[in-house]
Amino acid sequence: FKPPQRWIHSVEHGAVVFLYDPCANQLDLLLFKQIAKLCLRRHIITPFKNFTNGEKFTLVTFGCKLSLNQVRGYENIIIKYVKV
């Protein structure tokens with residue numbers, strides 16, 4: 001677990017933060033982590049309990065975020081988001 005103050009600072013320096021609900025589907029979580037590790041050198045993966053709209057996964061970049069309820073089926077969208 002990394003506190004928001006820590007990962008927000010990393011976002012300011014170009015990292016992408018991969019937040020996930022600790023109760024999320026384990027297959028989705030494994031895929032989420034694989035995408036982070038294969039696509040990016042500068043990233044943080046950490047659990048997050050304060051999702052507000054029922055999402056299970058969120059990617060945070062400077063000024064933007066992508067929130068999803070699942071990863072499977074959205075792999076290409078996630079990859080496009082982190083590569084842009």
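These figures come from a predicted structure and were not determined experimentally.

> Quick one: what's the story with helix α3 (residues 75-83), residue by residue and with numbers?
Listed in full, the buried residues belonging to α3 are Ile78, Tyr81 and Val82. Down the axis of α3, the sector holding all buried residues measures 90°, keeping them to one side. Opposite the buried face of α3, at more than 90 degrees from it, the exposed residues are Asn76, Lys80 and Lys83. Contacts made by the buried residues of α3 are with β1 (16-20), α2 (26-39), β3 (57-61) and β4 (64-68).

> Provide a residue-level description of the sheet that holds strand β2 (residues 43-47), including the pertinent values.
One open sheet holds the four strands; their spatial order is β2-β1-β3-β4, and the pairing between them is mixed. Either end of the sheet is taken by a strand with one partner, and the two such strands are β2 and β4. On average, each strand axis in the sheet is tilted by 15° relative to the strand beside it, whichever way the strands run. As judged from the five bridges shared by β1 and β2, these two strands associate in the parallel manner. Directly across from valine 16, in β2, lies its bridge partner histidine 43. On the sheet, α2 packs against β1, β2 and β3 and is oriented at approximately 175° with respect to β1. Each of β1, β3 and β4 touches α3; the most contacted strand, β4, lies at about 170° to it.

> Let's hear about the pattern of salt bridges: which residues, and what values?
Inspection of every chain in the model, using the stated rule, returns two salt bridges. Measuring nitrogen to oxygen at the nearest pair gives 3.6 Å for the salt bridge that ties lysine 56 to aspartate 21. With a gap of 35 residues between them, lysine 56 in the loop between β2 and β3 and aspartate 21 in the loop between β1 and α2 connect regions that are remote in the sequence. On the accessibility criterion, lysine 56 (29% relative accessible area) is partly exposed. Residue aspartate 28 is joined to arginine 72 by a salt bridge in which the shortest nitrogen-to-oxygen separation is 2.8 Å. Taken together, the residues aspartate 28 in helix α2 and arginine 72 in the loop between β4 and α3 connect sequence positions 44 residues apart. In this structure arginine 72 comes out as partly exposed when scored by relative accessible area, which is 39%.

Parameters and conventions
- Residues numbered from 1 in each chain as written.
- Predicted model: local features only at pLDDT ≥ 70, side-chain atom pairs only at ≥ 80, totals over all residues.
- Heavy atoms only, no water.
- Buried < 20%, exposed > 50% of the residue type's maximum accessible area, 1.4 Å probe, protein only.
- Helix = DSSP H or I, 4+ residues; strand = E, 2+ residues; numbered from the N terminus.
- Arc of directions from axis to C-beta.
- Contact = heavy atoms within 4.5 Å.
- Pairing = 2+ DSSP bridges.
- Axes fitted to C-alpha atoms, helices over the stretch in contact; angles between N-to-C directions.
- Salt bridge = Lys/Arg side-chain N within 4 Å of Asp/Glu carboxyl O.

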